[in-house]
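Coordinate inspection notes
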Amino acid sequence: MSYPMPYPEERAVQPQPAPVVQPVPAPPAVARAAVPIARAPVAPAVTSAPLATPTPLTRPPDEPGGPPSGPDGDRPPDRTGPSGQTSRLRIGWHTVPRSGLRRVTATPPALAGLLLGRDQQQVPVPLRLFAPDPVRVTLVGGVWAAQLLIFRAFSAGVRVVVVTTEPRAWAGFGERATGQQNRLTVVATEPGGPAGGTAQTPLLTVYDLGVTGPMTSPPLGPWHSQLTILRQLDRPGMAAVQEAGLVVLQRLGGDEAALAAAALRLRPQNGQLLQQMNDDMMALIGDGDDRYLFLHQTGIEQQYLGPPRR
């Protein structure tokens, strides 16, 4: 018995290996332009090592007028203070060039004293009323101006003794101004013997005797000042004007201005200005240049003393 032979197409086909394709080298220009394939980032291993600190910024090169170059310039700047943000002072770093020094101007220091007012340029005008050495001031004006000066002097802790022939003008003034009964004392006769105060509690003796000052110049101790009030300037009061180190004047009449100009050796135009001042103005003669000022009365001063007047 014979079996039919299979057709040639039905015979098993043996798999043949795929031909190996050799890569064709790219031209040089193409090889340079090829972009490599990005690989997935690999997570770093977790370790117990401390985190790396960022690299400090590099200081720019030295400029004219800047810190000097040297061994210290290559090191990071030292830090001091609790927060570590303050650089240590290095001699020679904080310098000013000559061109900068030419633009520096110095303002003259303000004079110390009791603020009396401001001039036309709004510059404060102080009254040097208290000092270790005795101070004598004469006021040609009314009781209102004297009480304004004393009211401002109370802020310096002053103790006041008023010698007056008109005690009613001073009744209750110290209590209203300070709320105390021992800051201002009104007497009818001159206190005897020298007295003195302290830097914390100066002593001010006020003579309100009308048109004249005290019969004799009373002795004054340290931190003891004298204020003489001349309600009207006449010849009996010329001695008090000439003996004073400072003279404060309200607006004067014609005869008063002539006497003041003669006693203080004022220029003719200054004698005219003394007659033209407003009610809220005063003139300060002595202690340097003559000053004409505005009082700039405060609200509390207006409440206790009223508007300016003589």
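Conventions adopted
- Residues numbered from 1 in each chain as written.
- Predicted model: local features only at pLDDT ≥ 70, side-chain atom pairs only at ≥ 80, totals over all residues.
- Heavy atoms only, no water.
- Helix = DSSP H or I, 4+ residues; strand = E, 2+ residues; numbered from the N terminus.
- Buried < 20%, exposed > 50% of the residue type's maximum accessible area, 1.4 Å probe, protein only.
- Contact = heavy atoms within 4.5 Å.
- Areas by Shrake-Rupley, 256 points an atom, 1.4 Å probe, with all protein chains shown as cover.
- Phe/Tyr/Trp six-rings, centres within 6.5 Å; stacked < 30°, edge-to-face > 60°.
- Patch = residues over 30% accessible without salt bridge, like charges linked within 9 Å, V, L, I, M, F, W, Y side chains within 5 Å.
- Salt bridge = Lys/Arg side-chain N within 4 Å of Asp/Glu carboxyl O.
- pLDDT = per-residue confidence, 0-100.
- Arc of directions from axis to C-beta.
- Pairing = 2+ DSSP bridges.
- Lys, Arg positive; Asp, Glu negative; His and termini not counted.
- Polar contact = N/O pair within 3.5 Å; in protein donor to acceptor, adjacent residues only side chain to side chain.

Now for the overall build of the chain. Each helix and strand in the chain was counted, giving eight helices and 12 strands. Expressed as a percentage of its 310 residues, the buried residues of the chain come to 32%. Considering only contacts in the chain between residues 6 or more positions apart, those separated by 24 or more positions represent 60%. Of the roughly 21500 Å² that the chain leaves accessible, carbon and sulfur atoms contribute 57%.

The final tally for this structure, using the stated rule, is three aromatic pairs. With 5.9 Å between their ring centres and 35 degrees between their planes, F151 and Y304 make a pair best called tilted. Of this pair, F151 sits in helix α3 (residues 143–153) while Y304 is found in helix α8 (residues 299–305), placing the two residues 153 residues apart along the sequence. A residue is classified by how much of its surface remains accessible, and F151, at 14% relative accessible area, is buried. Plain terms: the ring middles of W170 and F173 are 6.2 Å apart, the flat faces sit at 75 degrees to each other, and that makes the pair edge-to-face. Each member of the pair, W170 as well as F173, carries the same accessibility label: buried.

On the surface, V96, L101 and V104 cluster together to form a nonpolar patch covering roughly 290 Å² of accessible area. With respect to the helices, strands and loops of the structure, L101 is situated in helix α2 (residues 98–101). Since its relative accessible area comes to 51%, L101 is described here as exposed.

Here the focus is the confidence of the model for the chain. Mean pLDDT over the chain stands at 79; residues scoring 70 or higher make up 67%. Scored below 50 in pLDDT, residues 6–13 shows zero contacts in the model against residues more than four places distant or in partner chains. Here residues 51–60 is modelled with pLDDT under 50, and outside its nearest four sequence neighbours on either side it reaches two contacts, counting other chains as well.

Now for helix α7 (residues 268–276). Those residues of α7 that fall on the buried side of the exposure criterion are N270, G271 and L274. Taken down its axis, α7 places every buried residue within 105 degrees of arc, on the same side. Residues P268 and Q276 are exposed on α7 and point more than 90 degrees away from its buried face. Of the surrounding elements, those touching the buried residues of α7 are α6 (254–264), β11 (281–285) and β12 (291–294).

As a further point, take the pairing of strand β3 (residues 114–118). With four bridges joining them, β3 and strand β4 (residues 124–127) adopt antiparallel strand pairing. Each bridged residue has a counterpart across the sheet, and for L114 the counterpart in β4 is L127. In this antiparallel pair of consecutive strands, β3 and β4, the connection spans five residues, and Q122 shows a positive phi of 65 degrees.

The residue Q122 is not glycine, and still its phi comes out positive at about 65 degrees. Position of Q122 among the secondary structure elements: in the loop between β3 and β4.

For strand β6 (residues 159–164), the tally of buried residues reaches five of six residues, placing the bulk of the element in the interior. Bridging between β6 and strand β8 (residues 203–208) involves six bridges; their strand directions are parallel. Across the sheet, residue V163 finds its bridge partner in β8, namely Y207. Alignment of β6 against strand β7 (residues 184–187), held across four bridges, turns out to be parallel.

The topology assignment puts R183 in the loop between α4 (173–178) and β7. E175 is the oppositely charged side chain nearest to the buried, salt-bridge-free R183, at an N-O distance of 11 Å. A polar side-chain atom of R183 sits 3.0 Å from the main-chain carbonyl oxygen of F154.

Next up on the list: the environment of E243. Looking at the secondary structure, you find E243 in helix α5 (residues 238–243). On the basis of relative accessible area, E243 is assigned to the exposed category, the value being 52%. At 3.2 Å, the side chain of E243 forms a polar contact with the side chain of S217.

Take the pattern of salt bridges next. For the structure shown, the criterion picks out six salt bridges. Notably, a salt bridge pairs E301 with R152, separated by 2.8 Å at the nearest N-O pair. Of the two residues, E301 sits in helix α8 while R152 sits in helix α3, which places them 149 residues apart along the sequence. We classify R152 as buried; its relative accessible area is 13%. R251 is paired through a salt bridge with D279; the nearest N and O atoms lie 2.8 Å apart. One end of the pair, R251, is in the loop between β10 (246–249) and α6; the other, D279, is in the loop between α7 and β11, and 28 residues separate them in sequence. On the accessibility criterion, D279 (40% relative accessible area) is partly exposed. Overlapping salt bridges, with partners in common, bring together E166, D208 and R231 in one network.

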